[in-house]
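Residues per chain are reported as follows:
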Amino acid sequence: MKRLLLMLVVALASVLSAAAASPRLASEKFFDGSYGGRKAVTITISEQPGQYYRCITVSDDKTLMDALLKAFEQDRKRAEQYNEYHASSLHNRLISITNNGELIRVGVNAEPDGANGMLFITGARKAFE
């Protein structure tokens, strides 16, 4: 009986620790500091009480835009919601992912040339812990 109870406690602790894990989004790698010095890149990070926002804007760098789109598609596999908007000059996509009971939104905007656009991640600070 003690053994069964111990196994139950360990299983419950494992589930709870997994539920409170960092979201580990593929898109987060663009905010690790290694892209900030590039000529074609602007990075914005904003923290408000309880809210977190990160954005990377790319100008004339098709290779980096392709990497942003690839990371977004990896994150899309985990999304609960997906929205897409096409216009002649812009392609917008937005996904929603829940982590730690909070909503994270990841969006990407790409211009038709494939070399210009932006990616953002926003949500409650708790969602990223």
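Above this text sits the structure in question.
Description of the structure in this document. (Residues numbered from 1 in each chain as written. Predicted model: local features only at pLDDT ≥ 70, side-chain atom pairs only at ≥ 80, totals over all residues. Heavy atoms only, no water.)

**Side note on the environment of Gly 114**
Line of reasoning, step 1. Mapped onto the fold, Gly 114 is located in the loop between β5 (102–110) and β6 (117–124).
Line of reasoning, step 2. Since its relative accessible area comes to 16%, Gly 114 is described here as buried.
Line of reasoning, step 3. Taking C-alpha positions, Gly 114 is 6.7 Å from Met 65, a pair spaced 49 residues apart along the chain.
Line of reasoning, step 4. Beyond its immediate chain neighbours, meaning those up to four positions away, Gly 114 contacts Lys 62 and Met 65. (Helix = DSSP H or I, 4+ residues; strand = E, 2+ residues; numbered from the N terminus. Buried < 20%, exposed > 50% of the residue type's maximum accessible area, 1.4 Å probe, protein only. Contact = heavy atoms within 4.5 Å.)

**Considerations on the packing of aromatic side chains**
Line of reasoning, step 1. Following the criterion strictly, the structure yields three aromatic pairs and no others.
Line of reasoning, step 2. Their ring planes at 70° and their centres at 5.4 Å tell us that Tyr 52 and Phe 128 sit as a pair that is edge-to-face. Of this pair, Tyr 52 sits in strand β2 (residues 51–58) while Phe 128 is found in the segment after β6, placing the two residues 76 residues apart along the sequence.
Line of reasoning, step 3. Of the residues examined, Tyr 52 reaches a relative accessible area of 11% and is grouped as buried.
Line of reasoning, step 4. The interplanar angle of 25° and the centroid separation of 6.2 Å between the aromatic rings of Tyr 53 and Phe 120 together place this pair among those described as stacked. Pair noted here: Tyr 53 is in strand β2 and Phe 120 is in strand β6, with a separation of 67 residues, a long-range link.
Line of reasoning, step 5. Take Tyr 53: its relative accessible area is 28%, and that puts it in the partly exposed class.
Line of reasoning, step 6. Taking the relative accessible area as the measure of exposure, Phe 120 reaches 18% and is therefore buried. (Phe/Tyr/Trp six-rings, centres within 6.5 Å; stacked < 30°, edge-to-face > 60°.)

**Examining the pairing of strand β3 (residues 81–87)**
Line of reasoning, step 1. Here β3 runs beside strand β4 (residues 90–99); their pairing, made up of seven bridges, is antiparallel. For Gln 81, the partnering residue across the bridge sits in β4 and is Ser 96.
Line of reasoning, step 2. What sits between the antiparallel neighbours β3 and β4 is a turn of two residues. (Pairing = 2+ DSSP bridges.)

**As for the sheet that holds β2**
Line of reasoning, step 1. An order of β1-β2-β6-β5-β4-β3 is seen for the six strands of this open sheet, with the pairing classed as antiparallel. Pairing within the sheet leaves two strands with one partner each, and these edge strands are β1 (41–48) and β3. Shown here is a sheet whose adjacent strand axes are inclined to one another by a mean of 10°, direction ignored.
Line of reasoning, step 2. In the sheet, β1 pairs with β2 via eight bridges, with the strands oriented antiparallel. Bridging across to β2, Ile 43 finds its partner in Ile 56.
Line of reasoning, step 3. Contacts from helix α2 (residues 62–76) reach β1, β2, β3, β4, β5 and β6, with the element oriented near 40° to β4. (Axes fitted to C-alpha atoms, helices over the stretch in contact; angles between N-to-C directions.)

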